[in-house]
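Descriptive structure summary
Residues per chain, in single letters:
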Amino acid sequence: MAINWFKYSAPTAFYGLAGKLVPWFAWSSAILFAIGLYISFFVAPTDATQSEAYRIMFIHVPTSILSMFIYLVMAFYAAVGLVFNTRLSSMMATALAPTGALFAFISLWTGAMWGKPMWGAWWVWDARLTSELILLFLYFGFIALHASIDDPRRADRAAALLAIVGSVNVPIIYFSVKWWNTLHQGSTIKFSGTSMHIAMQQALFTMLLACWTYSVAISLLRVRSIVLERERNTQWVAELEEVRS
Amino acid sequence: MSSMDKSLTAGTAKDKLSLFGLLGLVIRRDLILAMRRRADVLTTLVFFVMVVSLFPLGVGPELDMLRKMAPGVVWVAALLASMLSLGRLFSADYLDGTLEQLLLAPQPLSLLVLGKIIAHWMVSGLPLVLMAPVLGLQFDMSAQALWVLIATLLLGTPILSMIGAVGAALTLGLRGGGVLVSLLVLPLCIPVLIFGAGAVEAVTSGMSVVSHLSLLGAMMLLALVFTPWVTAQALRISME
């Protein structure tokens, strides 16, 4: 069966599809969060060297992974929107940015809370911490640029260009920060390469999936709002049940 | 316009004006305009001098500490000063309609943009480079460190102008553009800051500066290839 994928590149068609998909992702996210948090708090054993404080990793690691992943996805959508002039891709990029920024912030926050008992400091100028902070700044730049341009088409295209420039710059920033730090001193604490307990792996993986499904659900919700906002003067929006009632 | 059309029109225009001649014209025009309004040029320089001079007042006059801080302070101040002047890069041309004419010109827009960036650097970046050694003396930097500081600023400030041009083009004509452009551009400038200040620190601690300078040079070449084109695209988006 051949599916016409391009059908859903029109906001009209995608609005309905996103509405159908949101409950699936939202519920699976809720269930996965419940399972993941249960494993991470009650099943996963206490760590030999880091005692109970290590459990914050089950939030910290998934959010950091996703904050970087979402930036790439966002830049990809933005680039597609810029090159092929598809409105929906730009809307997706806009919808993803706040979630990415939120995850980057949570990752920094939980990292600080983990760092205090482990390193004895809320903040260390470690390469990873610094690049995560810069990633947060890049998200802020994207959101601020998009918000300050009134014309949505220009906002989409300008923000898209910024996202592409940013994604080209991310590796340069990462390596320069890394070399900057190693020129001064080696990082003091590293995750030991020893094999993780199986329950820890399960918890981490479940939490990663939970965060992923959450970000899909919330971005789809957000993109629905953006579609409604941008197309508010059209006939099909006026005919929607939720708009009429 | 297809690329073929572009090369054709450039070919016919060649009889009158080579591309380098055009580049020279753009640079000359912007320099003349800048010289007519010298206050703007001086403002950036004075800001740079003031920010650097404020640091000893803030952290105390111990020479040992100042010597250690000097490269970072000078570099951060140069970064902030270059942000300050970015608003002027396209705004005057945007307001009086010159920018539209540049966009319509048969010659590649990237080249015209490159000319404007070079002129902007000569007006706002080069004075900082020349002023930096004097400020370095305030911080009791050694002669060797001063030479390295000049070298890194010479390599680094053009990169700041080039990356800044992208931000200036994206925020063209927006309200609050000045603050916004800093928000967009500063994170992208971090590598330049790291290697620029790092080179001076390396030479004072007796290490080789070659790797730092090579990386700065590589970044400059990379920026030289891509940023004029990206800026041209950004201008087209902003002028639609």
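This structure is a prediction, so every number in the text was calculated from the model and none was measured. (Residues numbered from 1 in each chain as written. Chains lettered and ligands numbered in written order. Predicted model: local features only at pLDDT ≥ 70, side-chain atom pairs only at ≥ 80, totals over all residues. Heavy atoms only, no water.)

In terms of helices and strands, chain A carries eight helices and zero strands. Scanning chain A from its N terminus toward the C terminus, one meets helices and strands in the order α-α-α-α-α-α-α-α. Projected onto its principal axes, the C-alpha coordinates of chain A cover approximately 65 × 40 × 35 Å. Summed over its atoms, the accessible surface of chain A is roughly 13300 Å², and 69% of this surface lies on carbon and sulfur atoms. Both charge centroids of chain A, one from 16 positive and one from 12 negative side chains, sit 4 Å from each other. (Helix = DSSP H or I, 4+ residues; strand = E, 2+ residues; numbered from the N terminus. Areas by Shrake-Rupley, 256 points an atom, 1.4 Å probe, with all protein chains shown as cover. Lys, Arg positive; Asp, Glu negative; His and termini not counted. Charge placed at Lys NZ, Arg CZ, Asp CG, Glu CD.)

Moving on to the packing of helix α7 (residues 109-138) of chain B against helix α10 (residues 210-239) of chain B. Residues and elements named next belong to chain B. The N-to-C vectors of α7 and α10 enclose an angle of 110°; their axes lie 8 Å apart at closest approach. Here α7 lies roughly perpendicular to α10, going by the angle between them. Where α7 abuts α10, its residues L109, S110, V113 and L114 lie against L224, P228, W229, T231, A232, L235 and R236. The class makeup of the residues in the contact of α7 with α10 is eight nonpolar, two polar and one charged. (Axes fitted to C-alpha atoms, helices over the stretch in contact; angles between N-to-C directions. Parallel < 35°, antiparallel > 145°, perpendicular 65-115°, else oblique. Contact = heavy atoms within 4.5 Å. Nonpolar A, V, L, I, M, F, W, Y, C, P; charged D, E, K, R; others polar.)

With that out of the way, let us pick up the packing of aromatic side chains. Residues and elements named next belong to chain A. Per the counting criterion, the structure on display carries nine aromatic pairs over all chains. Ring centres of Y15 and W236 lie 5.7 Å apart, and the angle between their planes is 65°; this geometry places the pair in the edge-to-face category. With Y15 in helix α1 (residues 11-43) and W236 in helix α7 (residues 235-238), this pair connects stretches of sequence that are 221 residues apart. With a centroid separation of 6.0 Å and an interplanar angle of 50°, the aromatic rings of F103 and Y214 are classed as tilted. Residue F103 is located in helix α3 (residues 87-119), and its partner Y214 is located in helix α6 (residues 198-230); the two are separated by 111 residues in the primary sequence. The class of Y214 is partly exposed, set by a relative accessible area of 28%. For the cation-ring pair, R224 lies above Y15, with the distance from its terminal atom to the ring centre recorded as 4.2 Å. (Phe/Tyr/Trp six-rings, centres within 6.5 Å; stacked < 30°, edge-to-face > 60°. Buried < 20%, exposed > 50% of the residue type's maximum accessible area, 1.4 Å probe, protein only. Lys NZ or Arg CZ within 6 Å of the ring centre and 35° of its normal.)

Below, the discussion takes up the environment of Y15 of chain A. Residues and elements named next belong to chain A. Look at Y15 and you get buried, because its relative accessible area is 6%. Note: C-alpha distance between Y15 and L220 (205 residues apart in sequence) is 8.9 Å. The contact partners of Y15, leaving out residues within four places of it in the chain, are R224, V227, L228, W236, L240 and E242.

Our focus in this paragraph is the interface of chain B and chain A. A common way to report how large an interface is uses the accessible area buried once the components associate. Each partner contributes to the interface: chain B provides 24 residues, whereas chain A provides 27 residues. The contact between chain B and chain A buries some 2300 Å² in all, and 76% of this surface belongs to carbon and sulfur atoms. Ranking the residues of chain B by area buried against chain A places L170, L188 and I237 of chain B at the top, with a combined share of 25%. At the surface where chain B touches chain A, the tally comes to three residue pairs in polar contact (both at pLDDT 80 or more). Of all the elements in the fold, those that place two or more residues in the side of chain B that touches chain A are α9 (177-204) and α10 of chain B. In terms of residue count, the dominant contributor to the side of chain B that touches chain A is α9 of chain B (10 residues). A breakdown of the residues in the side of chain B that touches chain A according to their chemical character gives 17 nonpolar, four polar and three charged. (Buried area = accessible area lost by both parts, 1.4 Å probe. Polar contact = N/O pair within 3.5 Å; in protein donor to acceptor, adjacent residues only side chain to side chain.)

In this section: the side chain of D156 of chain A. Structurally, D156 of chain A can be placed in helix α5 (residues 152-184). The contacts of D156 of chain A, once residues within four sequence positions are left out, are S90, T94, H146 and R230 of chain A.

Per-residue confidence for chain A gives a mean pLDDT of 85, with 91% of residues at or over 70. Between residues 183-190 of chain A, whose pLDDT stays under 50, and residues either more than four places distant or in other chains, the model counts five contacts. (pLDDT = per-residue confidence, 0-100.)

Phi angles above zero are rare outside glycine, and N85 of chain A is one such case at about 60°. Mapped onto the elements, N85 of chain A comes out in the loop between α2 (57-84) and α3. For N85 of chain A, a relative accessible area of 45% corresponds to the partly exposed category. If you check the backbone angles, D140 of chain B has positive phi at about 60° while not being a glycine. You can see D140 of chain B is positioned in the loop between α7 and α8 (143-170). A residue is classified by how much of its surface remains accessible, and D140 of chain B, at 33% relative accessible area, is partly exposed.

This paragraph deals with the nonpolar core. Counting 108 residues, the largest nonpolar core has M74 and L145 of chain A together with F48 and F90 of chain B as the members making the most contacts within it. If we ignore the near neighbours within four places in the chain, the residues touching M74 of chain A are A93, L96, A97, Y139, F142 and A163 of chain A. Judged by nonpolar contacts, the second largest core, of 15 residues, contains F14, V22, M92 and V223 of chain A. (Core = buried A, V, L, I, M, F, W, Y, C linked by side-chain atoms within 4.5 Å.)

To continue, consider the pattern of salt bridges. Counted by the stated rule, this structure contains 11 salt bridges over all chains. In this structure, D156 of chain A and R230 of chain A form a salt bridge, with 3.1 Å as the shortest nitrogen-oxygen distance. Of this pair, D156 of chain A sits in helix α5 while R230 of chain A sits in helix α6; the two residues are 74 residues apart in sequence, bridging distant segments of the chain. D30 of chain B is paired through a salt bridge with K116 of chain B; the nearest N and O atoms lie 2.9 Å apart. You can see D30 of chain B sitting in helix α2 (residues 19-36) and its partner K116 of chain B sitting in helix α7, a full 86 residues away along the chain. One network of salt bridges, with partners in common, ties together R29, D30, D93 and K116 of chain B. (Salt bridge = Lys/Arg side-chain N within 4 Å of Asp/Glu carboxyl O.)

We now examine α9 of chain B. Structural remark: α-helix, 3.6 residues per turn; residues separated by three or four positions point the same way. Taking 1.5 Å as the rise per residue, α9 of chain B with 28 residues should run 40 Å; its terminal C-alpha atoms sit 39 Å apart, in good agreement. Judged by how many residues are buried, α9 of chain B sits mostly within the fold: 21 of 28 residues are covered. (Expected span 1.5 Å × (residues − 1).)

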